[in-house]
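Spelled out from the first residue to the last, the chains are:
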Amino acid sequence: MSIDNSYFISCKRHEPSSVVDPNRGKHAFKSASFFNTVRQLQEDRMPFDWVYRPLKIEIEITNGCNENCPHCGMSAQPISRSTLLRRDVLLSIPSQLKALGIPGISITGGEPFTSMETLLELLSECRKKVDVVKITTNGYWANSLDAAKEKLTLLAEHGFTESRLFRPVLMLSIGEQRVPLERVVYVIIAAQTLFGNEALALCISSLSLRLGNERISDLECCYKEITGKSFPWDVVFLTKRSYISAGRAGLDSSLPHQAIPIDKMCKDRGCFKQTIGAFVVPTPLIMVNGTAYPCSVFGMPDELVIGDVYNKSIKEILETANSNFYIRVLAEGNLPALRKIVSDSQLGDVVVDNFHEACWRLIAAHRKQCKINTNPI
């Protein structure tokens, strides 16, 4: 499908979303001039007609993990079978982002700390080029308070807390993992002791099976046993989600679904509008195999694949994203715009489980409606 650019609104200026408070929550910026600074960077370095302008990129540096969660949303593998993103490609990314005016990187896995040398090398490469916005971990490495302090000190020594625009986030995942919760508590205590709340934000990701047992209460009890104090929810943020399957364009049928009518799910969620606060978007995801997606949540449809960092530069990948019909629709009008181009007859009484399932079902319906390949790759 050729793209009729008249369909899209010209947007030299990308205004931040008004639905979040960028001074609070899991993510926060360090200056009230954040959006003006980023806008100027990107207008000087990106084509004027790009409607998809990331604020950060999430990188899966390894798919190896010390855990083996049954419903892992990250396609993690045992360490013995793990793969690393190729070193030369990985270390080229910070400079490429700086050249494009993209101010942030997030680091995920697998479990990034299972590849500590790679993690520290990437942190060092990011210095004075791009902020490390977030590192996600299950905290397995903190088998004592001293061990937690040692690892966090290493992160700081390699630049993790030197962000210029973002307040960095350490995301602690306590989903189906079997990591003893006292290790997560040690990380929290060490982070508060070494850095304080302004220098480093802490977040608990309580990914769990839908309708299943949460570990949040167990974490609260563990914290009180160790410290004698109530859990510091005033300074630790909570991201509460349910697992989706690791496969693209599909969900794990063994999980109970919420069965939300698709039209109810199709609200203006600001999925590709520049936003910081509860989340930082847009955030492309680079998988360990090099595949790039426009969204950092695992489970994107194949129609939204935007390239491969082993074969294309970040700029070329973003050019592909900005020529992708569906990404441009989502960037301009989010899910309501995508729903608008799909006829009712193609959907019927479809129910979905989450925003991402709604996205790929709408794309599939539109492709069927058009009877042509709308993926430019």
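Residues numbered from 1 in each chain as written. Predicted model: local features only at pLDDT ≥ 70, side-chain atom pairs only at ≥ 80, totals over all residues. Heavy atoms only, no water.

1. A closer look at the side chain of Thr-62
Mapping Thr-62 onto the fold places it in the loop between strand 1 (56-60) and strand 2 (64-65). You can call Thr-62 buried: its relative accessible area is 1%. Side-chain polar atoms of Thr-62 contact the backbone nitrogen of Gly-64, separated by 3.0 Å. The contact partners of Thr-62, leaving out residues within four places of it in the chain, are Ser-82, Thr-83, Leu-84, Thr-108, Gly-109, Gly-110, Glu-111, Pro-112, Thr-114, Ser-115 and Val-288. (Helix = DSSP H or I, 4+ residues; strand = E, 2+ residues; numbered from the N terminus. Buried < 20%, exposed > 50% of the residue type's maximum accessible area, 1.4 Å probe, protein only. Polar contact = N/O pair within 3.5 Å; in protein donor to acceptor, adjacent residues only side chain to side chain. Contact = heavy atoms within 4.5 Å.)

2. What to know about helix 1 (residues 34-45)
Residues spaced three or four apart along an α-helix point in a common direction, a consequence of the helix completing one turn every 3.6 residues. Between its terminal C-alpha atoms helix 1 stretches 17 Å, which fits the 16 Å expected from twelve residues at 1.5 Å a residue. For helix 1, every residue scored as buried is listed here: Phe-34, Phe-35, Val-38, Arg-39 and Gln-42. Along the axis of helix 1, the buried positions cluster into a sector of 120 degrees, meaning they face one direction only. Seen from the buried face of helix 1, the exposed residues on the opposite side, beyond 90 degrees, are Asn-36 and Asp-44. Of the surrounding elements, those touching the buried residues of helix 1 are helix 2 (87-100). (Expected span 1.5 Å × (residues − 1). Arc of directions from axis to C-beta.)

3. Let's talk about the pairing of strand 7 (residues 201-205)
Among the five residues in strand 7, five count as buried, and that is most of the element. Crossover strand 6 (residues 169-173) to strand 7 through helix 5 (residues 181-194) is right-handed. Where strand 7 meets strand 8 (residues 236-239), four bridges bridge the pair, whose relative direction is parallel. Opposite Cys-203, over in strand 8, you have Phe-237 as the bridge partner. (Right-handed = clockwise from strand over helix to strand, strands pointing away. Pairing = 2+ DSSP bridges.)

4. What about the nonpolar core?
Grouped together as the largest cluster of nonpolar side chains are 89 residues, with contacts concentrated most on Ile-135, Leu-155 and Leu-338. What Leu-155 contacts, discounting residues up to four positions off in sequence, is Phe-113, Met-116, Leu-119, Leu-120, Leu-123, Ile-135 and Phe-160. Judged by nonpolar contacts, the second largest core, of ten residues, contains Phe-35, Val-38, Leu-165 and Val-280. (Core = buried A, V, L, I, M, F, W, Y, C linked by side-chain atoms within 4.5 Å.)

5. Remarks on helix 4 (residues 145-157)
If you check helix 4, its first and last C-alpha atoms are 18 Å apart, about what 13 residues at 1.5 Å a residue would give, namely 18 Å. Regarding helix 4, the residues found buried are Ala-147, Ala-148, Leu-152, Leu-155 and Ala-156. Along its buried surface, helix 4 packs onto helix 3 (116-126), strand 5 (131-137), strand 6 and helix 5.

6. Things to note about the side chain of Asn-138
By secondary structure assignment, the location of Asn-138 is in the loop between strand 5 and helix 4. A polar contact of 3.0 Å, which involves the side chain of Asn-138, links it to the backbone nitrogen of Tyr-140.

7. Remarks on the packing of aromatic side chains
In the structure shown here, the tally under the stated rule is nine aromatic pairs. With a centroid separation of 5.1 Å and an interplanar angle of 70 degrees, the aromatic rings of Phe-34 and Phe-166 are classed as edge-to-face. Of this pair, Phe-34 sits in helix 1 while Phe-166 sits in the loop between helix 4 and strand 6, and the two are 132 residues apart along the sequence. For the pair Phe-34 and Phe-166, one class covers both residues: buried. Following the ring pairs from residue to residue traces out a cluster consisting of Phe-29, Phe-34, Phe-35 and Phe-166. (Phe/Tyr/Trp six-rings, centres within 6.5 Å; stacked < 30°, edge-to-face > 60°.)

8. Brief notes about the environment of Gln-96
Here Gln-96 is to be found in helix 2. On the accessibility criterion, Gln-96 (24% relative accessible area) is partly exposed. C-alpha separation for the pair Gln-96 and Lys-129, spaced 33 residues apart in sequence, amounts to 9.2 Å. Among residues more than four places away in sequence, those in contact with Gln-96 are Ser-313 and Ile-314.

9. A few points about the pairing of strand 6
Summarising burial for strand 6: five of the five residues are buried, a large majority. Here strand 6 shows two buried faces, one formed by Val-169, Met-171 and Ser-173 and the other by Leu-170 and Leu-172. Here strand 5 pairs with strand 6 via four bridges, running parallel. Note that in strand 6 the partner of Thr-136 across the bridge is Met-171. Traced from strand 5 through helix 4 to strand 6, the parallel crossover comes out right-handed.

10. Some remarks on the sheet that holds strand 11 (residues 291-293)
Read from one edge to the other, the open sheet built from nine strands follows the order 8-7-6-5-4-1-10-11-12, with strand pairing classed as mixed. Each edge of the open sheet is held by one strand with a lone partner, namely strand 8 and strand 12 (307-308). Inspection of the sheet shows strand 11 paired to strand 12 by two bridges, in the antiparallel sense. Within strand 12, the position partnered with Ala-292 by the bridge is Gly-307.

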